[in-house]
Amino acid sequence: MRLDKYLKVSRLIKRRTVANEACDNERVSVNGRVQRASYEVKPGDRIAIRFGARTLEVEVLSVADNVGKADAAAMYREIGGTTPGQS
């Protein structure tokens, strides 16, 4: 599944167009490398998303095309992130 679609389906980013723009602006990296929206996401990938000064890092657990709102959080596991003021 494409990276922009995964970000939308997993509800990490609300809209696919916003996910696409985040990839174009180099705010999304997979396994330590900035990736384009067309990158094929696989289980085990580590995705880092920069939201301003905050960074969210998750590990992909599963990839599915249609997921309900309640099951979206089961597609990934949060492994870290930074917020302003943390050391």
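- The protein chain has the name RQC P-site tRNA stabilizing factor in an unreviewed UniProt entry, where Brotocaccenecus cirricatena is given as its organism.
- Listed in UniProt under the heading Sequence similarities (unreviewed entry), the comment for the protein chain reads: "Belongs to the RqcP family."
- According to UniProt, the comment filed for the protein chain under the heading Subunit (unreviewed entry) is "Associates with stalled 50S ribosomal subunits. Binds to RqcH, 23S rRNA and the P-site tRNA. Does not require RqcH for association with 50S subunits."

**With respect to a positive patch on the surface**
- Taken together, Lys8, Arg11, Lys14, Arg15 and Lys69 make up a surface patch of like positive charges.
- Along the chain, the position of Lys14 falls in the loop between helix H1 (3-9) and helix H2 (16-24).
- A relative accessible area of 71% means that Lys14 is categorised as exposed.

**Points about the UniProt feature "domain: RNA-binding S4" (unreviewed entry) in the protein chain**
- In this structure's numbering, the residues bearing the UniProt feature "domain: RNA-binding S4" (unreviewed entry) are residues 1-69.
- The span residues 1-69 shows a helical share of 23% and a strand share of 26%, and its end C-alpha atoms are spaced 18 Å apart.

What counts and what doesn't
- Residues numbered from 1 in each chain as written.
- Predicted model: local features only at pLDDT ≥ 70, side-chain atom pairs only at ≥ 80, totals over all residues.
- Heavy atoms only, no water.
- UniProt positions renumbered as here; feature names shortened; annotations may be inferred.
- Patch = residues over 30% accessible without salt bridge, like charges linked within 9 Å, V, L, I, M, F, W, Y side chains within 5 Å.
- Areas by Shrake-Rupley, 256 points an atom, 1.4 Å probe, with all protein chains shown as cover.
- Salt bridge = Lys/Arg side-chain N within 4 Å of Asp/Glu carboxyl O.
- Lys, Arg positive; Asp, Glu negative; His and termini not counted.
- Charge placed at Lys NZ, Arg CZ, Asp CG, Glu CD.
- Helix = DSSP H or I, 4+ residues; strand = E, 2+ residues; numbered from the N terminus.
- Buried < 20%, exposed > 50% of the residue type's maximum accessible area, 1.4 Å probe, protein only.

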